[in-house]
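Residue-level structure breakdown
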Amino acid sequence: MKFGGTSVASIERIRNVAQHVKREVDAGHEVAVVVSAMSGKTNELVGWAAEASPLHDAREYDAVVASGEQVTSGLLAIALQAVGIQARSWQGWQIPIRTSDAHGAARILEIDGGEIIKRFAERKEVAVVSGFQGVSKDTGRITTLGRGGSDTSAVAIAAAIRADRCDIYTDVDGVYTTDPRVVPKAKRLEKVAFEEMLELASQGAKVLQVRSVELGMVHNVRVFVRSSFDKPEDIDAHANHPPGTLICSEEEIVEQQVVTGIAFSKDEAQISVRQVQDKPGVAAAIFGPLAEANINVDMIVQNVSEDGATTDLTFTVPAADYMRAKETITKAKDAIGYTRLDTATDVAKVSVIGIGMRSHAGVAAQAFKALSARNINIRAITTSEIKFSLLIDAAYTELAVRTLHTLYGLDA
Ligand code: ADP
Ligand code: ASP
Ligand code: MG
């Protein structure tokens, strides 16, 4: 059972979480719990680190931002004990959750779930594990798994203790066709295939961290997204189908729609390199230095300029990397050989996702038509087997998402 930030935002909410856990334990289930920091806490901690020094040591950043989860795991253990459930808190290093030493974005390498299983078996002691954090296998220092990383902690723990299911309790009662806060007509999905969830999450649906979906897929952990706001006393712990969304393998899904969902992200920036030579090696000259700087390039579009000898090349990077990307390309100007850089930061990427696209033609073409009818200009397009993404002006994000949501018959 994993509880996100809003679910543990206050002592009262933590008591509510304790009731959810108690319900499952009383019903005879063996459970382990993973918690996030109180909502807003991690942002505050990140802000403090930046205030102390804008360019800070990543190891100390992790020491600071991991603390939010230490508080909530202890508090939940106390709240559980108060309602008669044996419980013990565990920090990442105590389990230990061994990770790489990529501070701020560490990868989980190994978890020994033995102690958690043993303590539950011997004395029904529930482990309350701090999400988001681990310990570097090499240096023994505290690491964090990237924003939203508690989901990943939860799926990894579930795999380590061979859990039947990993329940992600959050502030919505499942995965919707798009962010229900933006499109009130969004529908809850019964089941979503791992592959689709992977695309939804990586294209901006922050309901699950991308890594958690990857882990679920690799270790075949059934992930169930549900709400901690459903009253603990109204839920039958033995019912097979409480409200929520199951993330599972494709074979389990009987009725497959062409389009499953729409994700969007405003954390995008566009860089256009004007009039580069149209010859071999130019793309390498542009993207080599970006890769060396560890900047993830997403969409890439290359046009042929009118003169035929030169071409324009447009790509996108995460907004957080925009300044560095621009600097990198400017520094490499002589090696690349271009006349001008045009950039835009007020852009958004809207992605349409569905396994059904594999076997249906013309799905994207419908979108182009619908958006043009709304006068929304498309700056760049990428497609893959089960997804296409469109780069547009950020101001039109909501309009575009709603238009496409209606177009593909997703409205409730
Ligand atoms: P937690 O703190 O529990 O981890 P998050 O804020 O990380 O919660 O994730 C839940 C939020 O994800 C929801 O409040 C919702 O606004 C957002 N969200 C974005 N896309 C979707 C989607 N397709 N389905 C459900 N929620 C979504
Ligand atoms: N507290 C961390 C964050 O806000 C991890 C999480 O909530 O999943 O990113
Ligand atoms: Mg989250």
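Report on the accompanying structure. (Residues numbered from 1 in each chain as written. Chains lettered and ligands numbered in written order. Predicted model: local features only at pLDDT ≥ 70, side-chain atom pairs only at ≥ 80, totals over all residues. Heavy atoms only, no water.)

A few points about the site of ligand 2
Counted only if it meets this: We define proximity as follows: a residue is near a molecule or strand when any one of its heavy atoms falls within 4 Å of that partner. As used in this structure description, the phrase polar contact means that two N or O atoms lie within 3.5 Å; if the pair is within protein, one of them must be able to donate a hydrogen and the other to accept it, and residues adjacent in sequence are counted only when both atoms belong to side chains. Accessible areas in this description were obtained via Shrake-Rupley with a 1.4 Å probe; residue shielding takes into account the shown protein chains only.
Close to ligand 2 lie S36, A37, T42, E69, F132, R147, G148, G149 and S150, which account for all nearby residues. In this structure, E69 approaches ligand 2 through a side-chain N or O atom, which is 2.7 Å from a nitrogen atom. At 3.0 Å from an oxygen atom of ligand 2 is found a main-chain nitrogen or oxygen belonging to S150. Taken by itself ligand 2 offers 260 Å² of open surface, and the protein chains cover 86% of this.

Observations regarding the site of ligand 1
Taken together, 16 residues surround ligand 1, and among them T170, D171, Y176, D179 and R181 come closest. For ligand 1, an oxygen atom lies 2.8 Å from a polar atom in the side chain of D171. The side chain of K206 places a nitrogen or oxygen atom 3.3 Å from an oxygen atom of ligand 1. In isolation ligand 1 has 570 Å² of accessible area, and contact with the protein removes 90% of it.

Focus: the nonpolar core
The condition that has to hold: Here, nonpolar core refers to any group of buried Ala, Val, Leu, Ile, Met, Phe, Trp, Tyr and Cys residues whose side-chain atoms link them within 4.5 Å. Each residue is placed in one exposure class: buried if its accessible area under a 1.4 Å probe, protein chains only, is under 20% of its type's maximum, exposed if it is over 50%, and partly exposed if it falls in between. Comment: elements are numbered from the N terminus, with helices defined as DSSP H or I runs of at least four residues and strands as E runs of at least two. The contact definition used throughout considers only heavy atoms, calling two residues in contact when any of these lie within 4.5 Å.
By size, the foremost hydrophobic cluster in this structure holds 34 residues, and its most contacted members are I116, V129, I157, V175, M197, L208 and I247. Residue assignment for this core shows that the elements contributing at least two residues are β6 (126–130), α6 (150–160), β9 (166–170), α7 (194–202) and β11 (223–227). It is α6 that provides the largest number of residues to this core, a total of six residues. Sequence-distant contacts of M197, that is, excluding residues within four places in its chain, are made with V175, V192, V207, L208, V213 and I247.

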